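Residue-level listing of the chains:
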Amino acid sequence: GESVGLHLPTLSVQEGDNSIINCAYSNSASDYFIWYKQESGKGPQFIIDIRSNMDKRQGQRVTVLLNKTVKHLSLQIAATQPGDSAVYFCAESLRGYALNFGKGTSLLVTP
Amino acid sequence: GAGVSQSPSNKVTEKGKDVELRCDPISGHTALYWYRQSLGQGLEFLIYFQGNSAPDKSGLPSDRFSAERTGGSVSTLTIQRTQQEDSAVYLCASRPGQGNYGYTFGSGTRLTVV
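Treat the numbers as computed from the prediction; the structure is a model and nothing was measured.

What counts and what doesn't
Residues numbered from 1 in each chain as written. Chains lettered and ligands numbered in written order. Predicted model: local features only at pLDDT ≥ 70, side-chain atom pairs only at ≥ 80, totals over all residues. Heavy atoms only, no water. Helix = DSSP H or I, 4+ residues; strand = E, 2+ residues; numbered from the N terminus. Polar contact = N/O pair within 3.5 Å; in protein donor to acceptor, adjacent residues only side chain to side chain. Contact = heavy atoms within 4.5 Å. Disulfide = S-S within 2.5 Å. Buried < 20%, exposed > 50% of the residue type's maximum accessible area, 1.4 Å probe, protein only. Buried area = accessible area lost by both parts, 1.4 Å probe. Salt bridge = Lys/Arg side-chain N within 4 Å of Asp/Glu carboxyl O. Pairing = 2+ DSSP bridges.

Engineer: It is not clear to me how the side chain of Ser 19 of chain A should be interpreted in this structure. Could you clarify?
Structural biologist: Residues and elements named next belong to chain A. Counting through the fold element by element, Ser 19 comes out in strand β3 (residues 19–25). Polar contacts involving the side chain of Ser 19 include one to the side chain of Thr 80, which spans 2.7 Å. Contact partners of Ser 19, with chain neighbours within four places excluded, come to Leu 11, Val 13, Leu 75, Gln 76, Ile 77, Thr 80 and Leu 107.

Engineer: Would you mind showing me how to read the state of the cysteines here?
Structural biologist: Structurally, a disulfide amounts to a covalent bond that connects the sulfur atoms of two cysteines. Counted under the stated rule, the structure contains 2 disulfides over all chains. Bridging Cys 23 of chain A to Cys 90 of chain A, the disulfide has an S-S length of 1.9 Å. Sign of the S-S torsion, about 55 degrees for the bond between Cys 23 of chain A and Cys 90 of chain A, identifies this disulfide as right-handed. Of this pair, Cys 23 of chain A sits in strand β3 while Cys 90 of chain A sits in strand β9 (residues 86–93), placing them 67 residues apart in sequence. Both residues of the pair, Cys 23 of chain A and Cys 90 of chain A, count as buried. Note that Cys 23 of chain B is cross-linked by a disulfide to Cys 92 of chain B, the S-S spacing being 1.9 Å. With the S-S bond torsion at -65 degrees, the cross-link from Cys 23 of chain B to Cys 92 of chain B turns out left-handed. Here the residue Cys 23 of chain B occupies a position in strand β3 (residues 19–24), and Cys 92 of chain B occupies one in strand β8 (residues 88–95), the gap between them amounting to 69 residues. Of the two residues, Cys 23 of chain B and Cys 92 of chain B, both sit in the buried class.

Engineer: Is there a simple way to think about the interface of chain B and chain A in this case?
Structural biologist: One widely used convention gives an interface's size as the accessible area the parts lose upon coming together. With 19 residues of chain B at the contact, the number on the chain A side is 21 residues. Between chain B and chain A, the buried area comes to about 1500 Å², and carbon and sulfur atoms account for 50% of it. Counting across the interface, chain B meets chain A through 0 salt bridges. Looking at the side of chain B that touches chain A, the elements with two or more residues in it are β4 (31–37), β5 (43–50) and β8 of chain B.

Engineer: Any chance you could explain unusual backbone geometry here in plain terms?
Structural biologist: Most peptide bonds adopt trans geometry, and most residues besides glycine take a negative phi value. Residue Pro 8 of chain B follows Ser 7 of chain B across a cis peptide bond; omega there is -10 degrees. Of note, Pro 8 of chain B is situated in the loop between β1 (5–7) and β2 (10–13). In this model, Ala 79 of chain A sits at a positive phi of 50 degrees, which is unusual for a non-glycine residue. Judged by its relative accessible area of 35%, Ala 79 of chain A falls in the partly exposed class. Despite not being glycine, Arg 81 of chain B shows a phi value in the positive range, around 45 degrees. Inspection of the secondary structure assignment puts Arg 81 of chain B in the loop between β7 (75–79) and β8.

Engineer: What should I look at first to understand the pattern of salt bridges in this one?
Structural biologist: Side chains carrying opposite charge are able to pair once their charged atoms draw close together. Within this structure, the stated rule accounts for 6 salt bridges over all chains. The salt bridge partner of Arg 57 of chain A is Asp 49 of chain A, with a shortest N-O separation of 2.2 Å. Using a relative accessible area of 36% as the deciding quantity, one classes Arg 57 of chain A as partly exposed. One salt bridge in this structure joins Arg 64 of chain B and Asp 86 of chain B, with 2.8 Å as the shortest N-O distance. Of the two residues, Arg 64 of chain B sits in the loop between β5 and β6 (65–69) while Asp 86 of chain B sits in the loop between β7 and β8, which places them 22 residues apart along the sequence. For Arg 64 of chain B, a relative accessible area of 12% translates into the label buried. Exposure remark for Asp 86 of chain B: the relative accessible area of 2% places this residue in the buried category.

Engineer: How should I be thinking about the pairing of strand β4 (residues 32–38) of chain A in this particular structure?
Structural biologist: All names here are of chain A. Burial analysis of β4 places 7 of its 7 residues in the buried class, the great majority of the element. Burial along β4 is two-sided: the face carrying Tyr 32, Ile 34, Tyr 36 and Gln 38 and the face carrying Phe 33, Trp 35 and Lys 37 are both buried. Relative to strand β5 (residues 45–51), β4 is paired through 6 bridges, and the arrangement is antiparallel. Across the sheet, Tyr 32 pairs through a bridge with Arg 51, a residue of β5. Remark: 6 residues form the turn of the hairpin made by β4 and β5, two consecutive strands paired antiparallel; Gly 41 in that turn has positive phi of roughly 80 degrees. In terms of strand pairing, β4 meets β9 through 7 bridges, oriented antiparallel. Bridge pairing links Phe 33 to Glu 92 in β9.

Interpretation note: all reported values are geometric properties and have no functional meaning in isolation.
Printed below as a string of structure tokens:
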């Protein structure tokens, strides 16, 4: 069936470096994508989203890139900080239906 | 309220007992979702409510699971005859009815079945 998956289950970066978290999706009809950050004991926290009619969207220190040709989504975090340490999930949806989540990537920021 | 509120935050129950988990969505949000997150796993879709439409129950893992949404606002997820494999964090999310955006999650209920 259709699925969303992450290329790297864990990622360790040094403080101040840029981080890139990747995600592959298989439902070419998905029209909306979201990145969430989840800290231990908390619910997923919205980071940034992008619609299928866009290929790039920037927020504060974060950028999401969407490549529909290869069905790939990435999250870039600039100048990674210790507070960015968390599990990051990508999710896709179609026309407001339920979000389909991947298993997540654990980001560890070391000093 | 300002965010999605879930209660209780933690629930320990004995195997075979029934439990009810509550979700208060953001005021005015017509779409409401329940998800389950097992330890170290991603989020598994359970059920979706949209306005007055019949809910999409396609994600419920067994007939022991049910959910209702009263008055288009508060939702209750009920698990009957709980099993140890039901232990997980149950997350609720809501979004505005118009447009495909604005999903906001609560902090979840951690259910432990002993």
